[in-house]
Amino acid sequence: MRLLVIGGTSFVGRAITGDALGRGHQVTTFNRGLTGPDVDGVEALRGDRSTDDGLGPLAGRAFDAVIDPGGQVPAHVLRTARAMAGAAPFYAFVSTTAVYQSWNTPGTDESAATWPGVADEDGDPADLTRLGVRKRGCELAVAQAYGPEASLVARAGMIVGPHDNVGQLSWWLNRIAQGGRVVAPGDPHRGLQLIDVRDLSAFVLDQVEARAGGVHNAVPDEPNTTMGRLVDACVQATGSGATPVWTEAAFLFSQGVQPWAELPLWIPDGPDTAGFWAVSGARAKAAGLRIRPFAESVRDTWAWLRSGGAALPSGLSSAKERQVLNAWDSAA
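Reading the values: rules and limits
Residues numbered from 1 in each chain as written. Predicted model: local features only at pLDDT ≥ 70, side-chain atom pairs only at ≥ 80, totals over all residues. Heavy atoms only, no water. Pairing = 2+ DSSP bridges. Helix = DSSP H or I, 4+ residues; strand = E, 2+ residues; numbered from the N terminus. Axes fitted to C-alpha atoms, helices over the stretch in contact; angles between N-to-C directions. Parallel < 35°, antiparallel > 145°, perpendicular 65-115°, else oblique. Left-handed = near helix turned anticlockwise from the far one by under 90°. Contact = heavy atoms within 4.5 Å. Nonpolar A, V, L, I, M, F, W, Y, C, P; charged D, E, K, R; others polar. Buried < 20%, exposed > 50% of the residue type's maximum accessible area, 1.4 Å probe, protein only. Salt bridge = Lys/Arg side-chain N within 4 Å of Asp/Glu carboxyl O. Core = buried A, V, L, I, M, F, W, Y, C linked by side-chain atoms within 4.5 Å. Phe/Tyr/Trp six-rings, centres within 6.5 Å; stacked < 30°, edge-to-face > 60°.

Chemist: How should I be thinking about the sheet that holds strand β5 (residues 91-96) in this particular structure?
Modeler: The pairing of strands in a sheet comes from backbone hydrogen bonds and takes either a parallel or an antiparallel form. With parallel pairing, the seven strands of this open sheet are ordered in space as β3-β2-β1-β4-β5-β6-β11. Each edge of the open sheet carries a strand with a single partner, namely β3 (43-46) and β11 (214-218). The sheet shows a mean angle of 20° between the axes of neighbouring strands, direction not considered. Examined bridge by bridge, strand β4 (residues 65-68) and β5 share three bridges and lie parallel to one another. Paired with I67 across the bridge in β5 is A92.

In structure tokens form, the structure reads like this:
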């Protein structure tokens with residue numbers, strides 16, 4: 001197939017591009033040339049879909065499908081989809097489960113209420129405070145230009161794996177690699193739903209090859225690991241001998257520790273988060289989504305980090321971690 005990948009140089013786009021080339025497809029990427037190096041073997045076009053003129057390099061070209069793995073501004077996606085509607089018969093968009101309004105009920109499926117996005121909303125793509133609303137707007141933009149049968153919307157959950165530009169699993173690996181006592185948050189049995197970027201890529205390409213339209217929650221159909229197994233897998237992968245100190249959520253709050261921002265992937269139990277790690281992936285599973293063992297994702301992400309991959313500098317500072325551990329010891 002002749003595929004146009006918007007972006008194609010970082011994380012999800014990079015995985016899709018590499019996978020598509022491995023399947024024997026002809027891949028053209030379209031980006032500004034700012035995020036990362038092009039994948040070997042692609043035809044790389046430079047442009048900027050934030051303006052009509054910026055799409056000029058795509059004029060007169062035809063493809064079997066467009067894959068849009070990172071659009072965050074509805075107006076940009078709408079401009080792209082409209083421009084390609086007569087040049088490519090299928091459009092695949094990678095969205096997010098953040099489009100759902102509520103996380104208070106386990107089993108959220110594709111029929112659940114979403115944020116009221118606007119298909120032509122413009123703005124700064126770096127502003128993530130409205131991610132869910134904007135991603136929903138992007139979905140509507142694709143639907144407006146292509147309709148439901150000629151478009152795929154893959155609502156991914158938390159994505160992990162090599163070339164990670166989200167920084168959640170990467171932070172845990174780097175921290176645990178340092179060894180010593182590590183603050184481990186909440187209940188080690190709390191389930192997590194994490195999808196490897198390569199499994200997401202395979203699912204998207206399978207649907208593109210079949211021209212199978214529809215909306216799917218691209219997540220494991222049930223939690224595929226726990227916070228405890230994640231920490232243990234990081235200890236095993238790094239060989240650091242780090243010791244997790246499982247710390248109650250109420251105590252962490254008393255120390256001013258922020259869920260997610262300072263301890264990645266930690267979402268405390270509560271009525272508003274009961275369904276956060278329990279989204280239904282039944283439809284994607286029925287359509288062929290396959291999930292690899294989570295330990296494999298951990299090992300491969302650590303191998304990528306050791307080979308020079310860069311993780312985002314986020315998470316609990318070492319000084320604050322020592323403070324929390326000292327307070328925990330005193331309380332005990």
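Next comes the rest of the description.
Chemist: Just to check I follow, could you spell out the packing of helix α6 (residues 227-238) against helix α9 (residues 294-306) for this structure?
Modeler: A pair of packed helices can be characterised by two numbers: the angle between their axes and the separation between those axes. Their axes nearest at 9 Å, the elements α6 and α9 cross at an angle of 45°. Between α6 and α9, the interaxial angle falls into the category oblique. As α6 runs across α9, the sense of the crossing is right-handed. Across the interface between the two elements, L230, A233, C234, A237 and T238 from α6 touch F294, V298, R299 and W302 from α9. Among the residues forming the contact of α6 with α9, the class breakdown is seven nonpolar, one polar and one charged.

Chemist: Please explain unusual backbone geometry as it appears in this structure.
Modeler: With glycine set apart, most residues show a phi of negative sign, and most peptide bonds adopt trans. If you check the backbone angles, W260 has positive phi at about 70° while not being a glycine. Mapped onto the elements of the fold, W260 is located in the loop between α7 (249-254) and α8 (282-286). Positive phi is not limited to glycine here, since L265 has a value of about 75°. Looking at the secondary structure, you find L265 in the loop between α7 and α8. On the basis of relative accessible area, L265 is assigned to the buried category, the value being 1%.

Chemist: Teacher, can you tell me more about the packing of helix α1 (residues 11-22) against helix α5 (residues 197-210) here?
Modeler: Close contact between α1 and α5 brings their axes to 9 Å; oriented N to C, the two are set at 60°. Relative to α5, α1 is oriented oblique. Of the two elements, α1 crosses α5, and the hand of that crossing is right-handed. Of the residues in α5, those touching α1 at F11, V12, A15, I16, D19 and A20 are V197, L200, S201, A202, V204 and L205. For the contact of α1 with α5, the class distribution of residues is 10 nonpolar, one polar and one charged.

Chemist: What is the right way to look at the environment of P125 in this model?
Modeler: Along the chain, P125 falls in the loop between β5 and α3 (131-146). When its relative accessible area of 40% is taken as the criterion, P125 is described as partly exposed. P125 sits 51 residues away from P74 along the chain, and the two C-alpha atoms are 9.6 Å apart. With sequence-adjacent residues up to four places away left out, P125 is seen in contact with Q72, V73 and R134.

Chemist: Help me out: how do you make sense of the pattern of salt bridges in this one?
Modeler: Once the charged atoms of two side chains with opposite charge are near each other, the side chains can pair. Counting across every chain of the model gives 23 salt bridges. In this structure, R23 engages D19 in a salt bridge whose closest nitrogen and oxygen atoms are separated by 3.1 Å. Close ionic contact of K320 with E262 constitutes a salt bridge, the shortest N to O distance being 3.0 Å. Of this pair, K320 sits in helix α10 (residues 318-331) while E262 sits in the loop between α7 and α8, placing them 58 residues apart in sequence. By relative accessible area, K320 is classed as buried at 19%. The network of salt bridges with shared partners includes D19, R23, D206, E209 and R290.

Chemist: Can you walk me through the nonpolar core in this structure?
Modeler: Considering soluble globular proteins, one finds that nonpolar side chains tend to be buried as a cluster. Counting residues in each nonpolar core, the largest one holds 36 residues, and the members touching the most others are W172, L194, L230 and L263. For this core, the secondary-structure elements that each account for two or more residues are β7 (158-160), α4 (168-177), β8 (181-185), α6, α7, α9 and α10. Looking at which element gives the most residues to this core, the answer is α6, with six residues. If we skip the residues at most four places from it in the chain, L230 touches L169, W172, L192, L194, T225, L265 and F294.

Chemist: How do you make sense of helix α2 (residues 74-84) when you look at a structure like this?
Modeler: Since the α-helix advances by 3.6 residues per turn, residues separated by three or four positions end up pointing in the same direction. Within α2, nine of the 11 residues are buried, which leaves it mostly tucked inside the rest of the structure. Among the residues making up α2, those that are buried are P74, A75, H76, V77, L78, R79, T80, A81 and M84. For α2, the elements touching its buried residues are β1 (2-6), β4, β5 and α3.

Chemist: Would you mind showing me how to read the packing of aromatic side chains here?
Modeler: As enumerated under the stated definition, the model contains nine aromatic pairs in all. Considering the side-chain rings of Y91 and Y146, the 5.3 Å spacing of their centres and the 50° angle between planes classify their relative orientation as tilted. Note that Y91 is positioned in strand β5 and Y146 in helix α3, a separation of 55 residues in sequence. The same class applies to Y91 as to Y146, namely buried. A centroid spacing of 5.6 Å and a plane angle of 35° characterise the contact between F253 and W266, whose relative ring orientation is tilted. Residue F253 is located in helix α7, and its partner W266 is located in the loop between α7 and α8; the two are separated by 13 residues in the primary sequence. For F253, a relative accessible area of 44% gives the class partly exposed. Linked through ring pairs, Y100, W103, W260, F276 and W277 together constitute an aromatic cluster.

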